[in-house]
Protein chains: 2
Amino acid sequence: MITLTGVTDSATAKGEQTRELILSTALRLFREQGYGKTTMRAIANEAGVSVGNAYYYYGSKDHLMQAYYDLLQDQHREVVEPILAAEKAFVPRLAGVLRAWLDVAAPYHEFAGTFFKTAADPRSPLSPFSDESRPARDASIDVFRRVIDGSDLKLPGDLKSELPELLWLLQMGVVLFWVHDRTDDVRRTRALVDRAVPLVDRLLRLTRIPGVRGVTNDVVALIRSIRT
Amino acid sequence: MITLTGVTDSATAKGEQTRELILSTALRLFREQGYGKTTMRAIANEAGVSVGNAYYYYGSKDHLMQAYYDLLQDQHREVVEPILAAEKAFVPRLAGVLRAWLDVAAPYHEFAGTFFKTAADPRSPLSPFSDESRPARDASIDVFRRVIDGSDLKLPGDLKSELPELLWLLQMGVVLFWVHDRTDDVRRTRALVDRAVPLVDRLLRLTRIPGVRGVTNDVVALIRSIRT
DNA sequence: GTCTATAACACGATAGAC
DNA sequence: GTCTATCGTGTTATAGAC
């Protein structure tokens with residue numbers, strides 16, 4: 001790696017390499033034996049580093065989990081690009097994005113419950129609602145903003161501006177379902193996505209009906225006031 | 001305690017006493033220092049029993065949490081009785097039941113996040129979605145069935161039969177919000193309940209509109225197929 | 001700044017004696 | 001049913017090497 005000073009920053013490069021080695025080793029062991037049965041000693045051992053070194057790069061075992069989650073999101077954003085480029089209709093765009101997440105996360109389905117466990121603690125920085133995960137959350141919400149903005153969906157402006165966050169919540173629900181899904185290739189979750197997305201589309205189009213509009217406005221107002 | 005054999009079952013009685021002593025001590029320490037900082041050693045010590053004895057009654061620290069949750073539900077069902085007896089309209093019935101939960105759970109708000117944490121692990125028997133907690137879940141859902149059945153709410157039968165479970169899910173959402181709520185006396189959560197309940201009522205009444213009915217049926221069908 | 005080696009600590013959980 | 005002793009593991013500490 002070349003820095004601005006013109007000196008090869010091999011130390012940093014090597015550090016980055018070690019960091020990735022530790023993470024990939026941890027993820028492999030998590031996959032093979034589950035999160036609970038993988039010890040920090042085993043991770044360090046398998047990666048050929050000392051326990052102290054593992055802690056030098058990742059403050060705790062949970063941080064390895066968090067790093068995996070960040071990785072997952074990066075991969076999701078990549079995989080989603082061709083879908084958003086190709087599809088124009090709202091339904092296939094949303095369904096494609098949700099299915100893509102299932103594909104990317106598939107290898108880790110077995111132990112993903114553990115992530116959910118640590119993530120559900122509101123005081124944990126790993127919570128999807130925490131300040132610390134705001135960047136990751138915002139990036140994720142942004143994907144849904146693009147799903148909407150690049151689509152044929154016509155909606156009143158105030159609902160449209162809240163929708164990305166609502167779709168992110170929908171995905172959290174899908175993830176919750178996915179975590180509990182023990183069917184082959186998470187067939188039930190895929191069925192849920194396939195059926196729920198057209199329904200969401202129809203529900204959104206319902207907001208054009210005059211009698212529905214009023215309630216919709218109040219729902220949007222409530223959501224707004226909640227977020228503060 | 002007198003058993004069917006006519007013999008005083010002092011052993012069992014004493015055991016039950018120990019069990020309750022351990023639980024109440026644990027809950028007190030949880031309240032005073034939080035879940036994380038309360039050790040099993042401290043619980044045993046404070047209760048005047050050995051660590052091994054504590055584990056004899058509660059298989060893990062998480063099980064103490066589960067026992068608390070069961071206690072909470074029992075209390076909730078009690079507190080809710082007068083509300084269901086007095087109110088006939090759907091909105092105050094539902095709002096009353098949700099507010100009552102906030103009141104009952106208030107002393108434990110500080111560490112309740114930890115419950116959510118254990119609850120989110122799908123493989124844990126403590127998950128609210130697990131088979132093991134089905135009795136507790138069913139009892140909880142039943143409260144919402146009574147909220148509906150004793151009210152003036154008029155709904156198509158298939159939606160009405162799914163509604164208790166949906167309202168239970170609504171409460172899970174409220175709990176999620178509550179866990180993250182740091183305002184005094186969880187003011188924001190109370191505001192959420194006060195505003196959301198009338199909205200739920202209005203949304204339910206919307207299902208009478210012809211154009212809405214079709215989508216509603218599909219939503220109900222989807223929920224049905226999910227539960228299997 | 002990156003890394004090793006090793007020991008020690010705290011705590012959840014368990015084994016086995018009584 | 002209850003105890004004491006012990007284990008396994010996340011995490012930290014120390015003391016240094018390159």
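Up top is the structure these notes are about.
Given the structure is predicted, the values throughout are model-derived calculations rather than measurements.

Caption draft 1: Local environment of the relation of the copies chain A and chain B. Overlaying chain A on chain B yields an RMSD of 0.3 Å, the required transformation being a rotation through 180° with an accompanying axial translation of 0.2 Å. The transformation just described matches what one would write down for a two-fold rotation axis. Across chain A, the rotation axis passes nearest the C-alpha of Lys117(A), at a separation of 2.5 Å.

Caption draft 2: Examining the interface of chain A and chain B more closely. Taken together, the contact between chain A and chain B spans 36 residues of the former and 38 residues of the latter. Between chain A and chain B, the buried area comes to about 3,200 Å², and carbon and sulfur atoms account for 66% of it. Inspection of the region where chain A meets chain B yields two salt bridges. With its nearest N and O atoms 2.5 Å apart, the salt bridge here joins Asp218(A) to Arg202(B). Connecting chain A to chain B are six residue pairs in polar contact (both at pLDDT 80 or more). Elements supplying a minimum of two residues to the side of chain A that touches chain B: helix H6 (109–119), helix H8 (157–180), helix H9 (187–206) and helix H10 (210–227) of chain A. No other element matches H10(A), which puts 11 residues into the side of chain A that touches chain B. Per-class residue counts for the side of chain A that touches chain B are 19 nonpolar, seven polar and 10 charged.

Caption draft 3: Spatial organisation of the side chain of Thr207(A). All names here are of chain A. Along the polypeptide, Thr 207 turns up in the loop between H9 and H10. According to the relative accessible area criterion, Thr 207 is buried, its value standing at 7%. Filtering out sequence-adjacent residues up to four positions away, Thr 207 remains in contact with Leu 155, Pro 156, Leu 159, Val 212, Arg 213 and Thr 216.

Caption draft 4: Main features of the packing of H8(A) against H9(A). Residue and element names in this part refer to chain A. At a minimum axis distance of 11 Å, the contact between H8 and H9 shows a crossing angle of 160°. By the angle between their axes, H8 is roughly antiparallel relative to H9. Our pair here, H8 against H9, has a crossing hand that is right-handed. Here Leu 159, Leu 163, Leu 167, Leu 170, Val 174, Phe 177 and Trp 178 of H8 lie close against H9, whose contacting residues are Arg 188, Thr 189, Leu 192, Val 193, Val 200 and Leu 204.

Caption draft 5: Just the protein's contact with DNA strand D, in detail. Near DNA strand D you find 17 residues, and of these Met40(A), Lys61(A), Ser50(B), Tyr56(B) and Tyr57(B) are the closest. Within 4 Å of the protein, the contacting atoms of DNA strand D are drawn from sugar and phosphate to the extent of 60%. Where the surface near DNA strand D is concerned, the elements lending two or more residues are helix H2 (40–47) and helix H3 (51–57) of chain A together with helix H1 (10–33) and helix H3 (51–57) of chain B. A per-element tally of the surface near DNA strand D places H3(B) first, with four residues.

Caption draft 6: Local environment of the protein's contact with DNA strand C. Near DNA strand C, the surroundings consist of 18 residues, among which Thr18(A), Tyr57(A), Met40(B), Arg41(B) and Tyr55(B) are the closest. Sugar plus phosphate: this is where 65% of the atoms of DNA strand C within 4 Å of the protein reside. Note that a base oxygen of DNA strand C is positioned 2.7 Å from one of the side-chain N or O atoms of Arg41(B). Between DNA strand C and Lys61(B), the relevant distance is 2.9 Å, taken from a phosphate oxygen to a side-chain nitrogen or oxygen of the residue. Those elements that provide at least two residues to the surface near DNA strand C are helix H1 (10–33) and H3 of chain A together with helix H2 (40–47) of chain B. It is H1(A) that contributes the most residues to the surface near DNA strand C, four residues altogether.

Caption draft 7: Expanded view of the environment of Leu64(B). In this structure, Leu64(B) sits in helix H4 (residues 61–86). A sequence separation of 22 residues divides Leu64(B) from Ala42(B), and the C-alpha atoms of the two residues are 14 Å apart.

Caption draft 8: View of helix H4 (residues 61–86) of chain A. Residue and element names in this part refer to chain A. In this model H4 runs 39 Å from its N-terminal to its C-terminal C-alpha over 26 residues, within 8% of the 38 Å that 1.5 Å per residue would give. Looking only at H4, the buried set comprises Leu 64, Met 65, Gln 66, Ala 67, Tyr 68, Tyr 69, Leu 72, Gln 73, His 76, Val 80 and Leu 84. Capping the start of H4 is the job of one residue whose side-chain oxygen sits 3.2 Å from the backbone nitrogen of Asp 62: Ser 60.

Caption draft 9: Focus on the packing of aromatic side chains. Inspection of every chain in the model, using the stated rule, returns 16 aromatic pairs over all chains. With centroids separated by 5.0 Å and ring planes inclined at 90°, the aromatic side chains of Tyr56(A) and Tyr57(A) adopt a geometry described as edge-to-face. The class of Tyr57(A) is buried, set by a relative accessible area of 17%. Plain terms: the ring middles of Phe30(B) and Phe111(B) are 5.4 Å apart, the flat faces sit at 55° to each other, and that makes the pair tilted. Of this pair, Phe30(B) sits in helix H1 while Phe111(B) is found in the loop between helix H5 (90–105) and helix H6 (112–119), placing the two residues 81 residues apart along the sequence. For Phe30(B), a relative accessible area of 0% corresponds to the buried category.

Criteria and cut-off values
- Residues numbered from 1 in each chain as written.
- Chains lettered and ligands numbered in written order.
- Predicted model: local features only at pLDDT ≥ 70, side-chain atom pairs only at ≥ 80, totals over all residues.
- Heavy atoms only, no water.
- Least-squares fit on C-alpha atoms with pLDDT ≥ 70 in both.
- Contact = heavy atoms within 4.5 Å.
- Buried area = accessible area lost by both parts, 1.4 Å probe.
- Salt bridge = Lys/Arg side-chain N within 4 Å of Asp/Glu carboxyl O.
- Polar contact = N/O pair within 3.5 Å; in protein donor to acceptor, adjacent residues only side chain to side chain.
- Helix = DSSP H or I, 4+ residues; strand = E, 2+ residues; numbered from the N terminus.
- Nonpolar A, V, L, I, M, F, W, Y, C, P; charged D, E, K, R; others polar.
- Buried < 20%, exposed > 50% of the residue type's maximum accessible area, 1.4 Å probe, protein only.
- Axes fitted to C-alpha atoms, helices over the stretch in contact; angles between N-to-C directions.
- Parallel < 35°, antiparallel > 145°, perpendicular 65-115°, else oblique.
- Left-handed = near helix turned anticlockwise from the far one by under 90°.
- Near = heavy atom within 4 Å.
- Expected span 1.5 Å × (residues − 1).
- Phe/Tyr/Trp six-rings, centres within 6.5 Å; stacked < 30°, edge-to-face > 60°.

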